[in-house]
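Structural overview for review
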Amino acid sequence: MFIILAILLFGLLIAVHELGHFLTAKACGVRVLEFAIGMGPVIVKRQRGETLYSWRCLPIGGFCSMEGEDESSSDPRAFSAQPGWKKFLILVAGAAMNFLLGLLIVVMLYSSAGSFTTARIDSFMDGCPYQGEQALMEGDRIVRVDGHRIYYMSNFANYITQGKADGRHDIVLIRDGQRVELKDFYMVPVPLQDETGATVQKYGLLFAREEATVGSVLRYSVYTCVDFTRMVWDGLRDLITGAVGVSELSGVVGIVSLINDVGQQAEKVQTALYNIAYLTAFIAVNLAVMNLLPIPALDGGRVLFLVIDFLVLAFTRRRLDPKYEGYVNTGGFVLLMALMVFVMYNDVMRLIR
C-alpha cells in the first residue's frame, strides 16, 4: 500500500511542477503544444484546443511543451518570442509550485498541533553549567549558532551538535531586546539528571513552548520549509566537498523505497500517513531547490541562459541564437538521464543488498 502511495505522491509532485509551468505559460499567452504527466509511451491523450493533454506510462517525469521552447519560431505566441520577464516567470513557476505544495502540506500537518517549541530558553536542568550573566539566562532567545539562523529548538540541537569539534561556538541571542554575542562559548553535553532521576548527557537547556494559533502555525510552517531548503544546500555542499559521494544519491526508486520504509516502521497507519506527508513536503521543497540549480536541462539552467542572453544583448545589441541554448540543454538532458540511470542502478543495488 505504501509503495503505491509513494508512486502516486511522486507523480503528484511532478504534476504540480508541470502545472506551474502550464498555468503560467497560459497566463502569459504562450502557445502550449502538450502538457504531459510521466514519460515514455502515451497511455491516454486528449486534444483540447491548441494543447494535447497526455498521461504517459513512466511516473518519473513530465513536461510542458511550448512553441519555440528550444528553437526559434515565427509564431508571436512562441516562448522564444516572449520578453525576458515572461520567460523568467514561466521557468520558475514549476519550482514555486513545488515549494508552495510543500508549504501547504506543512501547514495542514501543523494545524493540528497544540504548541511549538521555540528557541527561547525557559529554564535549565539542575546543575547546568551554562547559565549566568556571562553565559545563557532564562528568557534568552537564541537566534544564531556558528552563523546558522535558529528558528526553533531542534535547529539549536542540530547545529550545536554538528558544530565545531572543539566544542566552542559563536552564539548570538536576544536578551531583554538587546543583541548579545557569546564568542567561542564552550558548550558540550554534560552528565545531568533528568526528571526520572537517570543520568543523561545533555546541554541542560529547557526551551519554552508557544501556543499554536493561526499566526504561529503559518510562521512555523514557513520556518520549516526554509529549514528544508537549508538542509538541501547543506547536502549539496557535502556533495561538492566530497563529504558525501555520488553513490549515496537517491532517485525515484530510492525515494519510493524510503517512503515505503517510513510507512512500514510506524506503529499506526495515522502516524505513517503523517510521517509520509512530512517527508513529501521535504521532497517537494527539495525538488524546488534542485530544479533551480544552474544546470543545463533544468529550469535553473534556462534561467542562467536568460541572464547570459541579457548580458549579450546589453553589450553587443544582438540576441543569443536560441539554437545554442538548445544544443546545451540537449547535452545536459543526456547527461542528466545518464545520472538518473546511475542513481537508479545504485538504488536497486541498495535494495538487493
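Scroll up to find the structure this text is about.
Values in this document were obtained by computation on a predicted structure and should not be read as measured data. (Residues numbered from 1 in each chain as written. Predicted model: local features only at pLDDT ≥ 70, side-chain atom pairs only at ≥ 80, totals over all residues. Heavy atoms only, no water.)

**Details of the overall build of the chain**
- In terms of helices and strands, the chain carries eight helices and ten strands.
- Projected onto its principal axes, the C-alpha coordinates of the chain cover approximately 75 × 55 × 40 Å.
- Looking at the chain as a whole, 41% of its 353 residues are labelled buried.
- Summed over its atoms, the accessible surface of the chain is roughly 19,700 Å², and 62% of this surface lies on carbon and sulfur atoms.
- For the chain, the separation between the mean place of its 31 positive charges and that of its 34 negative charges on side chains is 8 Å. (Helix = DSSP H or I, 4+ residues; strand = E, 2+ residues; numbered from the N terminus. Buried < 20%, exposed > 50% of the residue type's maximum accessible area, 1.4 Å probe, protein only. Areas by Shrake-Rupley, 256 points an atom, 1.4 Å probe, with all protein chains shown as cover. Lys, Arg positive; Asp, Glu negative; His and termini not counted. Charge placed at Lys NZ, Arg CZ, Asp CG, Glu CD.)

**Considering helix 2 (residues 84-110)**
- For helix 2, built from 27 residues, the straight-helix expectation of 39 Å at 1.5 Å per residue is met to within 8% by its first-to-last C-alpha distance of 38 Å.
- Alanine 93 marks where helix 2 bends most, by close to 40 degrees. (Expected span 1.5 Å × (residues − 1). Bend = angle between axes of the 7 residues up to and from the residue.)

**With respect to the pairing of strand 7 (residues 178-186)**
- Bridge count between strand 6 (residues 168-175) and strand 7: seven bridges; the pairing is antiparallel. Looking across to strand 7, one finds that isoleucine 171 is bridged to leucine 182.
- Where strand 6 hands over to strand 7, the hairpin turn is made up of two residues, of which aspartate 176 adopts a positive phi near 55 degrees. (Pairing = 2+ DSSP bridges.)

**Section: the side chain of serine 54**
- Looking at where serine 54 falls in the secondary structure, it is placed in strand 2 (residues 51-66).
- On the basis of relative accessibility, which here comes to 6%, the residue serine 54 falls in the buried class.
- One polar contact links serine 54 to glutamate 34, side chain to side chain, over a distance of 2.6 Å.
- The residues contacting serine 54, other than those within four sequence positions of it, are Glu34, Phe35, Ala36, Ile37, Val42, Val44 and Lys45. (Polar contact = N/O pair within 3.5 Å; in protein donor to acceptor, adjacent residues only side chain to side chain. Contact = heavy atoms within 4.5 Å.)

**A closer look at the pattern of salt bridges**
- Applying the stated criterion across every chain, the model contains eleven salt bridges.
- Across the salt bridge formed by aspartate 234 and arginine 237, the nearest N and O atoms sit 3.0 Å from each other. With a gap of three residues between them, aspartate 234 and arginine 237 both fall in helix 4 (residues 214-241), about one helical turn apart.
- Take arginine 237: its relative accessible area is 44%, and that puts it in the partly exposed class. (Salt bridge = Lys/Arg side-chain N within 4 Å of Asp/Glu carboxyl O.)

**Looking at a nonpolar patch on the surface**
- A contiguous nonpolar surface patch, about 610 Å² in accessible area, is contributed by Leu304, Val307, Ile308, Phe310, Leu311 and Phe315.
- Within the element layout of this structure, isoleucine 308 appears in helix 7 (residues 299-316). (Patch = residues over 30% accessible without salt bridge, like charges linked within 9 Å, V, L, I, M, F, W, Y side chains within 5 Å.)

**Brief notes about the nonpolar core**
- With 39 residues, the main nonpolar core has Ile105, Val106, Tyr110, Phe116, Ile259, Ile276 and Ile283 as its most contacted residues.
- Contributing elements (two or more residues each) for this core: helix 1 (2-27), helix 2, helix 4, helix 5 (252-265) and helix 6 (269-291).
- Top contributing element to this core by residue count: helix 6, with nine residues.
- What isoleucine 276 contacts, discounting residues up to four positions off in sequence, is Phe2, Leu5, Leu9, Ile259, Val262 and Gly263.
- Ala119, Ile171, Met187 and Phe207 belong to the second-largest nonpolar core, a separate cluster that totals 24 residues. (Core = buried A, V, L, I, M, F, W, Y, C linked by side-chain atoms within 4.5 Å.)

Worth remembering: the numbers are spatial, not functional.
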